[in-house]
Amino acid sequence: MSLSKEGRQEIVEKLRDRGASLPCPRCGNTHFQLLDGYFNQPLQPAFDGLYLGGTSIPSVVIACDRCGFLSSHALGALGLLTEHLPGTEK
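Q: Any chance you could explain the overall build of the protein here in plain terms?
A: When you go through the protein residue by residue, the secondary structure sums to 1 helix and 4 strands. Secondary structure of the protein in N-to-C order comes out as α-β-β-β-β. With the C-alpha coordinates aligned to their principal axes, the bounding extent of the protein is approximately 40 × 35 × 20 Å. Looking at the 90 residues of the protein, the share that counts as buried comes to 23%. Taking as baseline every contact in the protein between residues at least 6 positions apart, the subset at least 24 positions apart corresponds to 55%. Total accessible area computed for the protein in this model is approximately 6,400 Å², and 54% of it derives from carbon and sulfur atoms. Computed over 8 positive and 9 negative side-chain charges, the inter-centroid distance for the protein is 8 Å.

The structure is reproduced here in structure tokens:
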């Protein structure tokens, strides 16, 4: 699923509002790209095997333009976890 221009802008604005504007922690670069889609990170109840299904954390991912460092940001913490995700059709 591709993010709309408006949805991308909403995500970028939320990150800026929350102070997520520091340089890359790996290489110091200040240019990033918002990846075009969502990342769903599963929470494991224990570390004794691979669990499928269950609780997860819907996120967006930002990539450093220079070194490729990835940072994920939870939609819920950004106030964007709603019935319709930013950038998707309603």
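Here the narrative resumes, following the displayed structure.
Q: How should the environment of Phe 47 be read in this particular structure?
A: Within the secondary structure layout, Phe 47 lies in the loop between strand E2 (39-42) and strand E3 (56-64). Residue classification places Phe 47 among the exposed positions, given a relative accessible area of 88%. Taking C-alpha positions, Phe 47 is 33 Å from Leu 3, a pair spaced 44 residues apart along the chain.

Q: For this particular structure, what's the right way to read the pattern of salt bridges?
A: Under the definition given, this model contains 1 salt bridge. Where Asp 36 meets Arg 8, a salt bridge forms, and the shortest distance between an N and an O atom there is 3.7 Å. With Asp 36 in the loop between strand E1 (32-34) and E2 and Arg 8 in helix H1 (residues 5-17), this residue pair connects regions lying 28 residues apart in the sequence. Assessed through its relative accessible area of 44%, Asp 36 is described here as partly exposed.

Q: When you look at the state of the cysteines in this model, what are you seeing that I'm missing?
A: A covalent bond bridging the sulfur atoms of two cysteines is what the word disulfide describes. For the structure shown, the criterion picks out 0 disulfides. No disulfide involves Cys 24; its sulfur sits 3.7 Å from the nearest other cysteine sulfur, which is in Cys 67.

About the criteria used
Residues numbered from 1 in each chain as written. Predicted model: local features only at pLDDT ≥ 70, side-chain atom pairs only at ≥ 80, totals over all residues. Heavy atoms only, no water. Helix = DSSP H or I, 4+ residues; strand = E, 2+ residues; numbered from the N terminus. Buried < 20%, exposed > 50% of the residue type's maximum accessible area, 1.4 Å probe, protein only. Contact = heavy atoms within 4.5 Å. Areas by Shrake-Rupley, 256 points an atom, 1.4 Å probe, with all protein chains shown as cover. Lys, Arg positive; Asp, Glu negative; His and termini not counted. Charge placed at Lys NZ, Arg CZ, Asp CG, Glu CD. Salt bridge = Lys/Arg side-chain N within 4 Å of Asp/Glu carboxyl O. Disulfide = S-S within 2.5 Å.

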